[in-house]
Amino acid sequence: MGINSLLYTARDAIAAQTYGLTVTGQNINNANTPGYVRREAILSSRIMGNETYGSVVVDGLRRPADAYLEGRLFTSSSLAHAANTRGNQLAITEGIFNELAGTGLGDVLDRMARSFQELSVNPSDTVARDQVLRGLEDFVNRANETGQALATQRNEIFGSMGEVVSEINEHARAIAKLNEQIKNATLMGHDAADLKDKRNQALAALSPLIDIRVVDADDGQILLQAAGATLVEGNSFRELSLDMDASGNAVVRAGRPGSSTTTNITGGLTGGMLAGLKQVRDGDLRSMIDSFDRYVYDVATALNGQHASGYGLDGSTGNELFDLSAVTSAPAGAARSIQVSAAIASNPAAIAASGSDATLPGGADNAKRLAELFTSPVLSGGTQNPGEAYASLVGKVGTMRADAIRETSLREAMVSQAFELRESKLGVSMDEEMINLTRFQRAYQAASKLLSVADELLEELMGIVR
């Protein structure tokens, strides 16, 4: 090997080790960057003729990938966010009933029962009758407020779903654009690692919103599926839209931008905030609204039936305590529309404490029966009294929320496990990078020493020539 060959060998080696140091430094600088995948400098020996003289050249950059680990992390993240979203919304639902604050319907029931009991002691007392009327009004107001609050929460969830859908569309659009940029860079022989990192960051931001599945293509692009439908293919994407069916349930559709043809993908939602919101709105919350309407309707109907059989101080009979005339398809809508009967609200003397006109004005047997209804199994098919039925209804919300909390804890543990597995293979290990840093530095020093020796030899040779 001539002196010039030594110089070239040293030059190539210095350039290759400098590249390795640059890649290592980039890894170290991005050790805490979300979605960053470590880089590996690919170096190889250069063969000169039939001999290998130890020269090193850069063959390129490798960005390791593992579709299984990435997919596992995305799936775990989607399921965890679905459970967490459900739990957060159910916490709001639980707060609507407000039983812990002493202002819930359970306390109203207790006051109503006591007011009828007091009326049975002194049926002609106007104060006792006013207390009964106030109890009826409290029941109606609390039922109206709770029913309206549940309906409002359901409407607000629909709005939140719309916001999530818009965010999903933004990410899909960005991923499609990055797909095209990665393809072009790959075809031109350029490094697309940074672009792939950006795409991974977009996927990581998308997975909490909706369940996704990623399929890699040979040209560096990906096929992205969401809720079982293709969301991104190459540089094209489908937009999601939010609609409502005839029964008021939310419907998620997918279609090409500007196209009127869409596909209903609601049934494919299995994870992400969108699925969590959908489950609460059209599953948990709708069930609670139906149950609460049924409860209010049954309590009012039971009290109306008993009251109508009695007689008021004014001799009237057949009067009902509650007006349910606005309930067009019983019991749906009962909680929001129930009112105190106009005949009672304007005339407390019409409250039927007596069971017979012959016992007026001192008769109180009907007031006693009304008070006894609150401890009698008149609800849930004759198995529960009003207090027990209401406790079961509120307990149902607590049980659903507890299930969501447990599910969230389990899913978050799975996310942590998936993240650690991904980081162990694709993430930056500071220990490994420090080893690489030392290795490239020593190789750089060796190449520099070779350059120095070749320079000294060349200088001596030039001195001999002179």
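Residues numbered from 1 in each chain as written. Predicted model: local features only at pLDDT ≥ 70, side-chain atom pairs only at ≥ 80, totals over all residues. Heavy atoms only, no water.

**Student:** Looking at this model, I keep getting lost on the overall build of the protein. Mind explaining?
**Tutor:** Tallying secondary structure elements over the protein gives eleven helices and eleven strands in all. Its C-alpha atoms give the protein a radius of gyration of 37 Å, clearly above 23 Å, the size a compact globule of 466 residues would have. Projecting the C-alpha coordinates of the protein onto the three principal axes gives extents of approximately 145 × 45 × 30 Å. Considering the protein as a whole, with its 466 residues, one finds that 42% of them fall into the buried category. In the form shown here, the protein has an accessible surface area of approximately 22500 Å², with 51% of it arising from carbon and sulfur atoms. (Helix = DSSP H or I, 4+ residues; strand = E, 2+ residues; numbered from the N terminus. Rg over C-alpha atoms; globule rule 2.2 N^0.38 Å. Buried < 20%, exposed > 50% of the residue type's maximum accessible area, 1.4 Å probe, protein only. Areas by Shrake-Rupley, 256 points an atom, 1.4 Å probe, with all protein chains shown as cover.)

**Student:** What's the story with the environment of Gly228 in this structure? I'm lost.
**Tutor:** Residue placement: Gly228 occurs in the loop between β4 (222-226) and β5 (229-233). Given the relative accessible area of 73%, Gly228 is considered exposed. C-alpha of Gly228 to C-alpha of Ile212: the two residues are 16 residues apart in sequence and 8.1 Å apart in space.

**Student:** Can you help me understand the sheet that holds strand β7 (residues 239-244) in this one?
**Tutor:** Pairing between sheet strands relies on hydrogen bonds along the backbone, with the strands arranged either parallel or antiparallel. One open sheet holds the three strands; their spatial order is β7-β8-β9, and the pairing between them is antiparallel. Every other strand in the sheet has two partners, leaving β7 and β9 (263-264) as the edge strands with one partner each. With two bridges connecting them, strand β8 (residues 250-255) and β9 associate as antiparallel partners. Bridge pairing in β9 links Arg253 to Asn264. Contacts between helix α4 (residues 126-187) and the sheet are confined to β7 and β8, with β7 contributing the most and set at about 165° to the helix. (Pairing = 2+ DSSP bridges. Contact = heavy atoms within 4.5 Å. Axes fitted to C-alpha atoms, helices over the stretch in contact; angles between N-to-C directions.)

**Student:** Any chance you could explain a negative patch on the surface here in plain terms?
**Tutor:** A contiguous patch of negative charge, built from Asp455, Glu456, Glu459 and Glu460, is present on the exposed surface. Its location among the elements puts Glu460 in helix α11 (residues 430-465). (Patch = residues over 30% accessible without salt bridge, like charges linked within 9 Å, V, L, I, M, F, W, Y side chains within 5 Å. Salt bridge = Lys/Arg side-chain N within 4 Å of Asp/Glu carboxyl O. Lys, Arg positive; Asp, Glu negative; His and termini not counted. Charge placed at Lys NZ, Arg CZ, Asp CG, Glu CD.)

**Student:** Looking at this model, I keep getting lost on α4. Mind explaining?
**Tutor:** The terminal C-alpha atoms of α4, which comprises 62 residues, lie 91 Å apart, in line with the 92 Å expected from a rise of 1.5 Å per residue. The residue sitting at the N-terminus of α4 and contributing the capping side-chain oxygen is Asp125; that oxygen lies 3.3 Å from the backbone nitrogen of Val127. Looking one or two residues beyond α4, the residue adopting positive phi is Gly189, at roughly 80°. (Expected span 1.5 Å × (residues − 1). Polar contact = N/O pair within 3.5 Å; in protein donor to acceptor, adjacent residues only side chain to side chain.)

**Student:** In this structure, what is going on with the side chain of Arg411? I would like to understand it.
**Tutor:** Secondary-structure assignment places Arg411 in helix α10 (residues 386-426). Among the polar contacts listed, one links the side chain of Arg411 to the side chain of Glu407, at a separation of 2.8 Å.

**Student:** Honestly, the packing of helix α6 (residues 272-308) against helix α9 (residues 365-373) in this entry has me stumped. Any pointers?
**Tutor:** If you want to describe how two helices pack, look at the angle between their axes and the distance between the axes. Two elements in contact, α6 and α9, have axes separated by 9 Å at closest approach and are oriented at 165°. Here α6 lies roughly antiparallel to α9, going by the angle between them. You can see that α6 and α9 cross each other, and the crossing is right-handed. Counted together, Ala302, Leu303, Gln306 and His307 of α6 and Asn366, Arg369, Leu370 and Leu373 of α9 form the full contact between these two elements. (Parallel < 35°, antiparallel > 145°, perpendicular 65-115°, else oblique. Left-handed = near helix turned anticlockwise from the far one by under 90°.)

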